[in-house]
Amino acid sequence: MTSRFDFSVFRQPRPVLIKKMILAFLGDVLIGMGIGLNSCAGLGNDPISVLSDGLHKFFGISMGAAVNATAYTLLVVVLIFGRKYINIGTLINVLPLGFFVNLGVATYSALNVSAGGLIFRNIAVLVACAFLFFGTALFITVDIGQDTWTGFAMLLRDKTGKEYRFIRAALDIAALVIGFLLGGEVGAATIFSALLGGPTIQMFCKLINRFVKFDNGAA
């Protein structure tokens with residue numbers, strides 16, 4: 001039996017919802033740019049993006065198309081079996097994400113970062129991770145929907161009865177291993193994002209909550 005859509009997000013004041021949608025979109029821009037820049041730097045991807053990078057290299061498609069392939073597939077699965085985890089924020093996150101990933105790739109190329117050598121590639125990774133972590137924190141803070149990986153993990157949690165943290169860890173490891181076998185880049189940036197991603201995102205969430213207020217739509 002499939003779940004029903006959760007429309008509770010639409011019960012909040014319209015100005016508040018609009019502000020949250022704008023911030024979610026901005027977060028999506030930063031997430032996509034971060035994934036694209038990180039991929040081009042060639043020093044490793046975050047664990048989930050290793051899978052996209054592997055698909056990108058194995059099938060000869062753009063990084064954005066590879067990200068879309070996984071995100072859209074998971075969206076369909078969650079839509080069928082766990083639609084309560086899909087909301088307006090999910091669509092804001094998923095639908096344009098591949099475009100912003102390709103925009104990050106194009107930006108890296110336009111700036112000719114690789115010509116600057118390892119130092120500039122490392123700087124690109126730091127910028128990419130900052131974009132990725134802050135964008136993720138924005139998306140989490142506005143709380144108007146799950147990304148597809150989170151929705152899929154929560155669906156598996158419901159079906160298996162296992163704790164979310166174990167399900168999510170298993171998904172991250174599976175994505176990393178499959179992506180690596182397909183040719184996805186694993187390196188220092190992979191370790192960096194795996195170890196520091198969670199704490200940094202949590203720090204950014206606290207920072208955003210401190211400076212952005214949603215009561216009555218006022219910041």
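Parameters and conventions
Residues numbered from 1 in each chain as written. Predicted model: local features only at pLDDT ≥ 70, side-chain atom pairs only at ≥ 80, totals over all residues. Heavy atoms only, no water. Phe/Tyr/Trp six-rings, centres within 6.5 Å; stacked < 30°, edge-to-face > 60°. Helix = DSSP H or I, 4+ residues; strand = E, 2+ residues; numbered from the N terminus. Salt bridge = Lys/Arg side-chain N within 4 Å of Asp/Glu carboxyl O. Axes fitted to C-alpha atoms, helices over the stretch in contact; angles between N-to-C directions. Parallel < 35°, antiparallel > 145°, perpendicular 65-115°, else oblique. Left-handed = near helix turned anticlockwise from the far one by under 90°. Contact = heavy atoms within 4.5 Å.

Draft legend 1. Seen up close, the packing of aromatic side chains. In total, this model carries 6 aromatic pairs according to the counting rule given. Arranged with centres 5.5 Å apart and planes meeting at 80°, the rings of F25 and F100 form a pair that is edge-to-face. Of this pair, F25 sits in helix α1 (residues 14–41) while F100 sits in helix α5 (residues 97–111); the two residues are 75 residues apart in sequence, bridging distant segments of the chain. Ring pairing ties together the aromatic residues F25, F99 and F100, which thus form one cluster.

Draft legend 2. Quick peek at the pattern of salt bridges. Applying the stated rule across the entire model yields 6 salt bridges. Its salt-bridge partner being D158, residue K84 comes within 3.9 Å of it at the nearest N-O pair. Taken together, the residues K84 in the loop between α3 (63–81) and α4 (88–94) and D158 in helix α7 (residues 148–160) connect sequence positions 74 residues apart. Across the pair D172 and R168 runs a salt bridge, and its minimum N-O distance is 3.2 Å.

Draft legend 3. Just the packing of α3 against α5, in detail. At a minimum axis separation of 7 Å, α3 and α5 run at an interaxial angle of 155°. By the angle between their axes, α3 is roughly antiparallel relative to α5. Crossing geometry of α3 relative to α5 is assigned as right-handed. Residue-level inspection shows M63, G64, A65, V67 and N68 of α3 in contact with α5, the latter providing L97, G98, V101, N102 and V105.

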